[in-house]
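Listed below, chain by chain, are the residues.
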Amino acid sequence: MVDFESEYKSLYRPLCLFALQYTNQIDDAEDVVQQAFADVWEKLRGGVSILNLKAYLYQAVKNRSVLQVSQERVEMLQDEFPDEIDTGEEEQVRLAERDARLWDAIDHLPPERRRIFLLSKRDGLKYQEIAEELHISIKTVENQISKALKALRETAIRIYTFLFFN
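All residue numbers refer to position in the chain's written sequence, counted from 1. Reporting in this predicted model follows two pLDDT cut-offs: at least 70 for local features of residues, and 80 or more for side-chain atom pairs to be given and counted; totals over whole chains, interfaces and linings ignore these cut-offs and use all residues. For the side-chain quantities, the full set of heavy atoms in the structure was used; hydrogens and water were omitted.

(A) Looking closely at the overall build of the protein. Helix numbers and strand numbers start at the N terminus; a helix is a DSSP run of H or I with at least 4 residues, a strand a run of E with at least 2. Looking only at helices and strands, one finds seven helices and zero strands in the protein. Listing the helices and strands of the protein from first to last along the sequence gives α-α-α-α-α-α-α. Split into buried and exposed, the 166 residues of the protein put 30% on the buried side. Note on contacts: a residue pair is in contact if any heavy atoms of the two residues lie within 4.5 Å. Considering only intrachain contacts with a sequence separation of at least 6, the fraction spanning at least 24 residues in the protein is 58%. Exposure was quantified through the Shrake-Rupley algorithm and a 1.4 Å probe, taking into account, for residues, occlusion by the shown protein chains and nothing else. In the structure as shown, the protein presents an accessible area of about 11,300 Å², 53% of it carried by carbon and sulfur atoms. Exposure classes here rest on a 1.4 Å probe applied to the protein chains alone. A residue is buried below 20% of its type maximum, exposed above 50%, and partly exposed in between.

Okay, structure coming up:
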């Protein structure tokens, strides 16, 4: 088991500096790092094995930083061009429904395929990292990601066909 407290103490400051390269705000960088550590803590408590904690945290911090910066840019654009970006209630409902359908489709993937898919797309792990964490081959990871994407595309096509051709 990882000595979480010592890892936190040794990695917190370097991770904050790393996040600062993306966020340009100390408070934002600290928030990103703290959330990454909180997520890792929950994963470890849930029994997930993370083989290379340092690499995992750096990737998680990078992904969270990039996501935060992109969300801030969207908000900035909405402030600058409120009429050009449709943020009305109807659009928000449409986006929420789309996201719900996507998560429903992900939830219907076979458990191991869903786990591999989420480790890749949600958590930002590379195929090699997933293979090492799950003790499977990279080829298995590639195949499972491919099958997951195919299933999600088929679901999207069925939804599109239902909405627009019925």
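(B) Seen up close, helix H4 (residues 89–107). The terminal C-alpha atoms of H4 lie 26 Å apart, and with 19 residues this matches the ideal 27 Å at 1.5 Å per residue to within 8%. By the burial criterion, the buried members of H4 are Glu91, Ala105 and Ile106. Around the axis of H4, the buried residues are gathered within 105° of arc, so they sit on the same side. Turned more than 90 degrees off the buried face of H4, the exposed positions are Glu89 and Glu90. Multiplying 1.5 Å by the residue count of a helix minus one yields the expected span of that helix. Along the arc lie the directions from the helix axis toward the C-beta atoms.

(C) Inspection of the packing of aromatic side chains at higher detail. Stacked, tilted and edge-to-face pairs are distinguished by plane angle, under 30 degrees for stacked and over 60 for edge-to-face with tilted covering the rest, among Phe, Tyr and Trp rings (Trp via its six-membered ring) whose centres lie within 6.5 Å. Throughout the structure, instances matching the rule amount to four aromatic pairs. Taking 5.6 Å as the distance between ring centres and 80° as the angle between the ring planes, the aromatic pair formed by Phe18 and Tyr22 counts as edge-to-face. Separated by four residues within a single helix, Phe18 and Tyr22 lie in helix H1 (residues 4–23), roughly one turn from each other. We classify Tyr22 as partly exposed; its relative accessible area is 28%. Where Phe18 meets Tyr58, the ring centres are 5.0 Å apart and the plane angle is 65°; that geometry is what we call edge-to-face.

(D) Examining the pattern of salt bridges more closely. Basic side-chain nitrogens of Lys or Arg form a salt bridge, by our definition, when they fall within 4 Å of a carboxyl oxygen of Asp or Glu. This structure, assessed with the given rule, holds five salt bridges. For Arg45, the salt bridge goes to Glu42, with nearest N and O atoms at 3.8 Å. Separated by three residues within a single helix, Arg45 and Glu42 lie in helix H2 (residues 26–45), roughly one turn from each other. On the basis of relative accessibility, which here comes to 47%, the residue Glu42 falls in the partly exposed class. Residue Lys43 pairs with Asp123 through a salt bridge whose shortest N-O separation is 2.9 Å. Placement of the pair is Lys43 in helix H2 and Asp123 in the loop between helix H5 (111–121) and helix H6 (127–134), with a sequence separation of 80 residues. Comparing Lys43 with Asp123 shows no difference in burial state: the two are buried.

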